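# Coordinates in review
Letter by letter, the chains look like this.
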Amino acid sequence: MDEAAFVKKKVFNVTNLKVYTRWGLSKIYKLTSAWLILFSKPTDGSLFFDREKIK
């Protein structure tokens, strides 16, 4: 996915967040487990992140 597509995308999954922030999966999961970044987790277990709330 190119950078322009990320600007339009409002919600990221873990893979999108990894590319957007250049964080590793380990860091993403550590931040979510410590509640340092906001996320939603629908019933299927996938994590989703609001792009505007990621710093």
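Provided above is the structure to which this section pertains.
Treat the numbers as computed from the prediction; the structure is a model and nothing was measured.

Here is what the cut-offs are and how they apply
- All residue numbers refer to positions counted from 1 along the written sequence of the respective chain.
- A pLDDT threshold of at least 70 governs which residues receive local features in this predicted model, and a stricter bar of 80 or more applies before side-chain atom pairs are shown or counted, although totals over entire chains, interfaces and linings include all residues.
- Side-chain numbers come from the whole structure's heavy atoms, not from hydrogens or water.
- Only DSSP runs of H or I covering at least 4 residues are called helices, and only runs of E covering at least 2 are called strands; the numbering of each starts at the N terminus.
- We take the radius of gyration over the C-alpha atoms and set the globule estimate at 2.2 Å times the residue count to the 0.38 power.
- Residues are treated as being in contact if the distance between any of their heavy atoms lies within 4.5 Å.
- We treat Lys and Arg as the positive residues and Asp and Glu as the negative residues; His and chain ends play no part in the count.
- By convention, the charge on Lys lies at NZ, on Arg at CZ, on Asp at CG and on Glu at CD.
- Buried residues of nine kinds, namely Ala, Val, Leu, Ile, Met, Phe, Trp, Tyr and Cys, make up a nonpolar core once their side-chain atoms join them within 4.5 Å.
- Categorising residues by exposure relies on relative accessible area from a 1.4 Å probe, with only protein chains included: less than 20% of the type maximum marks a residue as buried, more than 50% marks it as exposed, and the intermediate range marks it as partly exposed.
- Regarding the arc, it is the one traced by the directions from the helix axis to the C-beta atoms.

## A closer look at the overall build of the chain
Across its full length, the chain holds 3 helices and 2 strands. Going from the N terminus to the C terminus, the chain shows its helices and strands as α-β-α-α-β. Here the C-alpha radius of gyration of the chain, 11 Å, is about what a compact globule of 55 residues would show, namely 10 Å. Oriented by its inertia axes, the alpha-carbon framework of the chain measures out at about 30 × 25 × 15 Å. Expressed as a percentage of contacts within the chain between residues at least 6 apart in sequence, the contacts between residues at least 24 apart total 40%. Taken as two groups, the 11 positive and 5 negative side-chain charges of the chain have centres that lie 6 Å from each other.

## Thoughts on the nonpolar core
Counting residues in hydrophobic clusters, the biggest one holds 10 residues: Phe 12, Val 14, Leu 17, Trp 23, Ile 28, Leu 31, Ile 37, Leu 47, Phe 49 and Ile 54. Among the elements of the structure, α2 (14-21) and α3 (25-33) are those that each provide at least two residues to this core. Excluding its chain neighbours within four sequence positions, the residues that come into contact with Phe 49 are Lys 10, Val 11, Phe 12, Asn 13, Val 14, Leu 17, Ile 28, Thr 32, Ile 37, Leu 38, Phe 39 and Ile 54.

## Details of unusual backbone geometry
Residues other than glycine predominantly adopt negative phi, and peptide bonds predominantly adopt the trans conformation. Positive phi, close to 65°, is recorded for Arg 22, a residue that is not glycine. Along the chain, Arg 22 falls in the loop between α2 and α3. Judged by relative accessible area, which is 76%, Arg 22 ranks as exposed.

## Remarks on α2
Of all the positions in α2, only Val 14, Asn 16, Leu 17 and Thr 21 are classed as buried. What you see down the axis of α2 is that its buried residues fit within an arc of 160°, all on one side. Directly after α2, the chain includes Arg 22, whose backbone phi takes a positive value near 65°.

## Overview of the environment of Ile 54
The topology assignment puts Ile 54 in the segment after β2 (48-50). Classification of Ile 54 as buried rests on a relative accessible area of 11%. With 27 residues separating them in the primary sequence, Ile 54 and Lys 27 have C-alpha atoms 13 Å apart. Ignoring anything within four residues of it in the chain, the contact list for Ile 54 reads Leu 17, Thr 21, Trp 23 and Phe 49.

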